[in-house]
Amino acid sequence: MSSTGAQPRQIDVVPHTHWDREWYDPFQTFRLKLVRLIDGLLDLLEGDPSFAEFLLDGQVAIIDDYLAIRPENEQRLRSLAAAGRLTVGPWYILMDEFLVSGETIVRDLQAGIRRGAAFGGVMEVGYLPDMFGHIAQMPQILRQAGFEHTVVWRGVPSAVDTTAFWWDAPDGSRVRAEYLVAGYGNGAAIPDDAKALIRRLHAHVEEMGPFLRPGAPLLFMNGTDHQRPQPWLGRVVAEVNQLQDDYHLTITSLPEYLSSAPTEGLPIWQGELRSGVRSNILMGVGSNRVDVKQAAARTERTLERLAEPLSALFIPAASWPASFFDVAWQNVIRNAAHDSICACSVDEVVDAVIHRFAEARQIGEGLTDEALAALSRSMADVGTVVVNPSSRRRGGMVELVIPAAGETDEHTQVLSERYGLPGMMTLDGESVKSMLGLIQGSRIDTDMYITDVTLAEDDTGLDITVVIGTEPRDGVPVEEIKRDLFTRLTARPDTEVRLRLDQPPIRRILARVADVPGYGWQAFTPIPLTQPVTAEQTTGYATADAADAAEATANVAEGSDLPPSDVILSNGITTVVVDARAGTFSINGLAGFGRLVDGGDHGDTYNYSPPITDIIIDTPDEVTVRIGERGPVRASAVISAQYAWPDRVEGHHGTRIGSHRVDVTTTVELRADEELVRVHTAFVNPSKDHRLRVHLPLPEPATTSRAECAFDVVERGLTAEGRADEFGLPTFPSRRFVSAGGLTVVHEGLLEYELVDIDGSTGQDIDGPTGQAGTTPHGQGAAHTLALTLLRATGMLSRLGMTLRPLPAGPMTPLDGPQMLGPVEAHYALHVGDVDPYRLVDDAHLPLRAIGSFGGGERAPSGSELTIEGAEVSAVRREAGVLEVRVFNPTDSPTVVAIEDRSGWLVDLRGRPISPFEGWFDLGPHGIATVRITDG
């Protein structure tokens, strides 16, 4: 009994380390420390039975990184894990949940479970100790992997007032969430004196009082960032238990603690966890180092939407390139670590992250090309084939190279023409020998291939005929011919070589094609343009209202220069007018799109924070507008705008000083028969310490936004919970699109958005936060503008004394990379009106592909390898020798998922069978399902 007469409170001590693979030091520097830590841990666990358990941070990457240096210790690790002394997994790495795709999160979990099997299995707890918020669908992901528990810290809202709660996904999947109110280091650095530990426990229980239920056990996490195990832990715990009876301490594991944790009367929370009310959510990581986010978006799209589905569908199952995909996905998963994908790390780390993304993308692009080549070889007929890598049936624009014979069709658009090469040239043998090394395979350049080679020799010299075409041809023995020719030229170094090149003139064209089946192909046939797109340059202001027009007319009458010329793009569906005064554009009469707003940023890689003395630049000094392409398939306007941006923020509190002249080029594109307006902005950033956003007007005032996150669309309001230690700034992340007020924005790696220009009793027109920390000033009312962050440039890993976050979030290390000095590009697309945003994602970033075929196969001119209807597709790949498909339903209504003429099994995320299906299955609102197709 305790001194109060009550039963002693149970204190469950979980020894652990939180291991950031790379962060304020590069990976290899941290690994050196990791090896020393695990070397000592193995000796400690094997030599001291009182040190009963140790948690390796819930990520199996730690083990692989260690064994790469100490392979001889694998059996020691296996033995300790099998004995329950060492807890591993379930994740391969502790990822950020908002900055990577849902598929990356699933592959991370599956990789951890798969690798952890070699060590007796993984911890059956979804351990999420330090993610910067949590996605709404995480409970469903965990339940589909067989987990009933999770452990969280950041993001828990004020509505949760206990150390545990039920966390529901939008589909109703539920897990018990253990809330680390004081973080994953509440029991870090335990003193080696028992009396000192007793005093600390009294203070901590008092601190936790409002969250602790009477008699409930307390989870005491004995570890923190890169902390080594404390060898005196077992002794001190035993001494504490002997010296007092208020507490009873047990060294245990998370699964053991959670197996008897209370479940009655817990509060319930549904949806994402993004509150900063008790711990920093660090929302600025979504816009930090935009180049990393763009690289992630391109790489995930290449693997998930192109390489895997095309390889699974058009390459024989026995030839599935599993090893290549394993390498690519390992790079992507390692990059998903929160300090890596958030880029809140030193420059050497970010360089490595970008390199890993590049390698993974290169593998994906190569495998995509191989799959398309396999499809090409299988076609029965000669000609160009259009391939649709999306699950939805759709038409659209294709770009291809054709022979330049005859007149151009009125429904196609010529991008460029290339004349045929000279018919004959004479060279000496030594020159030809030196050129042979430059020929690598049959590919000449992006568009041209060697399709045939003939070689003849007589007493007068060598005759070589090379036929060059626009489509690759299998079986051309280029390397064999090179060796033969080199041998001949070596024997006759002075011989004359007569080279005949047979290449017809070619054109690169744009055309529209009719609907191509999902995951299918169709022989290329251009279709007439129902609504051709045109571009014209006006004389005067096309966007001017009556007063502006009258003023312009008066100025001309007085002898002033004519007003600058606007550009109008129109296809009969959508009309875009580029304003030559402001450098902005209108869509169907709604003006103000593309207004660039630049302000100071005295923050760091974790958080935006405006300087005390800011300068907002939202108007260019000079604008010129010209027509880029004139149609009829694609038309564009090019806006060249010059701005004067301050050089940097100076001083402790922050003042923007200096000036740079910046040229920003924005290309606005419209296509025939489409509503989507595509935008590309590019500039060379010369300035430090600033944030650049593009303002996009909403057709209607909005009180909420709907943004894509992993496997769902999340609705958010105008405010965010915060506190004095971190302002509740409502800059939110979106994966690929965000919609508000009748506007949908589809983007490539531009993850951060905010609804601004708020009206209402407590609102005000702002581009940055004002007022007191804790809540945003938006309050009541509605937003009129969506601000999309194009760039956030800062010079510190972490900073002290910021306006919106006074305390540092990491080491206060000056950095060059996050300033993003140099070339910057941003791609996004806009749609006004009701639309399926997932269709826009495909149209904007997953174009139809045109490939050529020499025929000779058995494939019909049109068809599909896989028909899926009724849900969005997240993955199509080969797994366990069969075709695996993952789908999700982002709507509030149930759906029927039809997979035509296929049958198999619904499985969980570990591949365990759930139920069979024959051609279709039901999927509830916001549900995720994985199927393995056993026929075909």
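This text follows the structure it describes.
Note that the coordinates shown come from a computational prediction; the quantities given were computed from them, not determined experimentally. (Residues numbered from 1 in each chain as written. Predicted model: local features only at pLDDT ≥ 70, side-chain atom pairs only at ≥ 80, totals over all residues. Heavy atoms only, no water.)

Enquirer: Talk me through the sheet that holds strand 36 (residues 737-740); I want residue IDs and the actual numbers.
Expert: Read from one edge of the open sheet, 9 strands run 26-27-30-31-40-37-36-33-34, paired in antiparallel fashion. Here the strands that pair on one side only, and so sit at the sheet edges, are strand 26 (622-630) and strand 34 (712-716). In this sheet, adjacent strand axes meet at a mean angle of 20° when their direction is disregarded. Here 12 bridges tie strand 27 (residues 634-645) to strand 30 (residues 660-671), and the two strands are oriented antiparallel to one another. Bridge pairing links Tyr643 to Val662 in strand 30. (Pairing = 2+ DSSP bridges. Helix = DSSP H or I, 4+ residues; strand = E, 2+ residues; numbered from the N terminus. Axes fitted to C-alpha atoms, helices over the stretch in contact; angles between N-to-C directions.)

Enquirer: With reference to specific residues and values, describe empty space enclosed by the protein.
Expert: To locate leftover empty space, one rolls a probe as large as a water molecule over the atoms. Counted according to the given criterion, the structure contains 10 cavities of 30 Å³ or more. Every residue lining the largest cavity is counted, 23 residues in all, and those nearest its centre are Ser101, Glu304, Glu708, Arg735 and Arg736. Breaking the lining of the largest cavity down by element, the ones donating at least two residues are helix 4 (102-116), helix 9 (290-314), strand 33 (705-709), helix 16 (837-845) and strand 44 (872-879). At 5 residues, the largest contribution of residues to the lining of the largest cavity is made by helix 9. Split by residue class, the lining of the largest cavity holds 8 nonpolar, 6 polar and 9 charged. (1 Å grid on protein atoms, 1.4 Å probe; cavity = no way out; pocket = protein on both sides within 12 Å on 5 of 7 lines; lining within 4 Å. Points joined across faces, edges and corners; volume = space filled by probe spheres on them. Nonpolar A, V, L, I, M, F, W, Y, C, P; charged D, E, K, R; others polar.)

Enquirer: Which residues make up unusual backbone geometry, and what values do they have?
Expert: Glycine aside, a negative phi is what most residues show, and trans is what most peptide bonds show. For the bond from Gly89 to Pro90, the omega torsion is 15°, close enough to zero to count as cis. By secondary structure assignment, the location of Pro90 is in the loop between strand 3 (86-87) and helix 4. Omega for the peptide link from Gly631 to Pro632 comes to 10°, which places this bond in the cis form. Phi is positive for Asp673, which is not a glycine, with a value near 60°. With respect to the helices and strands, Asp673 occurs in the loop between strand 30 and strand 31 (677-685). Taking the relative accessible area as the measure of exposure, Asp673 reaches 21% and is therefore partly exposed. In this structure, His926 is a non-glycine residue whose phi angle is positive, near 65°. (Buried < 20%, exposed > 50% of the residue type's maximum accessible area, 1.4 Å probe, protein only.)

Enquirer: Explain helix 10 (residues 322-335) residue by residue, including any values.
Expert: For helix 10, spanning 14 residues, the distance from its first C-alpha to its last is 20 Å, which sits close to the expected 20 Å at 1.5 Å a residue. Along helix 10, the residues classified as buried are Phe325, Ala328, Trp329, Asn331, Val332, Ile333, Arg334 and Asn335. The elements touched by buried residues of helix 10 are helix 2 (61-67), helix 4, helix 9, helix 11 (338-341) and helix 12 (347-378). (Expected span 1.5 Å × (residues − 1). Contact = heavy atoms within 4.5 Å.)

Enquirer: Please give an account of the sheet that holds strand 4 (residues 126-128) that cites residues and values.
Expert: Spatially, 4-5-7-6-10 is the arrangement adopted by the 5 strands of the open sheet, whose pairing is mixed. Where the open sheet ends on each side, the last strands, each with one partner, are strand 4 and strand 10 (268-270). On average, each strand axis in the sheet is inclined to that of its neighbour by 25°, with strand direction left out of account.

Enquirer: Explain the pattern of salt bridges to me, using residue names and the numbers behind them.
Expert: Applying the stated criterion to the full structure yields 57 salt bridges. Of the charged contacts, one joins Asp39 and Arg70 as a salt bridge, the two residues approaching to 2.9 Å between their closest N and O atoms. One end of the pair, Asp39, is in helix 1 (residues 27-47); the other, Arg70, is in the loop between helix 2 and helix 3 (74-82), with 31 residues separating them in the sequence. For Asp43, the salt bridge is made with Arg76, and the minimal N-O distance between the two is 2.9 Å. You can see Asp43 sitting in helix 1 and its partner Arg76 sitting in helix 3, a full 33 residues away along the chain. Owing to a relative accessible area of 24%, Arg76 belongs among the partly exposed residues under this scheme. A single network of salt bridges, built from pairs that share partners, joins Glu103, Arg107, Glu308, Arg877, Glu879, Glu884, Arg886 and Arg932. (Salt bridge = Lys/Arg side-chain N within 4 Å of Asp/Glu carboxyl O.)

Enquirer: Could you give an account of the environment of Asp409, with specific residues and numbers?
Expert: For Asp409, the position within the fold is in the loop between strand 12 (394-403) and strand 13 (413-418). A residue is classified by how much of its surface remains accessible, and Asp409, at 41% relative accessible area, is partly exposed. Of note is the side chain of Asp409, whose polar atom sits 2.6 Å from the backbone nitrogen of His411. (Polar contact = N/O pair within 3.5 Å; in protein donor to acceptor, adjacent residues only side chain to side chain.)

Enquirer: Explain the pairing of strand 8 (residues 218-222) residue by residue, including any values.
Expert: With 5 of its 5 residues buried, strand 8 lies for the most part within the structure. Of the strand pairs in this sheet, strand 1 (residues 9-15) and strand 8 are connected by 5 bridges, and their pairing is parallel. Within strand 8, the residue paired with Val14 across the bridge is Met221.

Enquirer: Outline the packing of aromatic side chains, supporting the account with residue identities and numerical values.
Expert: Within this structure, the stated rule accounts for 17 aromatic pairs. Look at Trp153 and Tyr184: their rings are 5.5 Å apart centre to centre, the planes differ by 90°, and that puts the pair in the edge-to-face class. Here the residue Trp153 occupies a position in the loop between strand 5 (149-152) and strand 6 (164-168), and Tyr184 occupies one in the loop between strand 7 (174-179) and helix 6 (194-208), the gap between them amounting to 31 residues. Judged by its relative accessible area of 16%, Trp153 is buried. Seen in terms of ring centroids, Phe314 and Trp521 are 6.1 Å apart; in terms of plane orientation they differ by 75°. Their pairing is edge-to-face. Of this pair, Phe314 sits in helix 9 while Trp521 sits in strand 19 (residues 520-523), and the two are 207 residues apart along the sequence. Both residues of the pair, Phe314 and Trp521, belong to the buried class. Seen from the ring of Phe119, Arg78 lies directly overhead, with NZ or CZ sitting 5.4 Å from the centre. Taking NZ or CZ as reference, Arg859 lies 4.6 Å from the ring centre of Trp521, over its face. (Phe/Tyr/Trp six-rings, centres within 6.5 Å; stacked < 30°, edge-to-face > 60°. Lys NZ or Arg CZ within 6 Å of the ring centre and 35° of its normal.)

Enquirer: Give a description of the side chain of Lys293 that names residues and reports values.
Expert: The residue Lys293 is located in helix 9 in this model. With no salt bridge to any partner, buried Lys293 finds its closest opposite charge in Asp291, at an N-O distance of 7.2 Å. Each residue touching Lys293, except ones within four places of it in the same chain, is listed here: Leu99, Val285, Gly286, Asn288, Ile341, Cys342, Ala343, Gly749 and Leu751. (Lys, Arg positive; Asp, Glu negative; His and termini not counted.)

Enquirer: Can you explain helix 14 (residues 478-491)? Please cite residues and give values.
Expert: Taking 1.5 Å of rise per residue, 14 residues should cover 20 Å, and helix 14 covers 20 Å from first to last C-alpha, within 8% of that figure. Among all positions of helix 14, only Val478, Lys482, Leu485 and Leu489 are buried. Looking down the long axis of helix 14, one finds its buried residues gathered within 70° of arc, a one-sided arrangement. Facing away from the buried side of helix 14 by over 90 degrees, the exposed positions are Glu480, Arg483, Thr487 and Ala491. Packed against the buried residues of helix 14 are helix 13 (429-436), strand 15 (449-458), strand 16 (461-469) and strand 17 (496-502). (Arc of directions from axis to C-beta.)

Enquirer: How would you explain the environment of Arg912 if you had to name every residue and give the values?
Expert: With respect to the element layout, Arg912 can be found in the loop between strand 46 (895-907) and strand 47 (913-923). Look at Arg912 and you get partly exposed, because its relative accessible area is 39%. Each C-alpha atom of the pair Arg912 and Gln144 lies 9.9 Å from the other, and the pair is 768 residues apart in sequence. Not counting residues within four places of it along the chain, the set of residues in contact with Arg912 comprises Ala145, Gly146, Leu906 and Val907. Here Asp908 takes part through its side chain, which lies 2.7 Å from a polar atom of the side chain of Arg912.

Interpretation in functional terms is not warranted from these geometric data alone.
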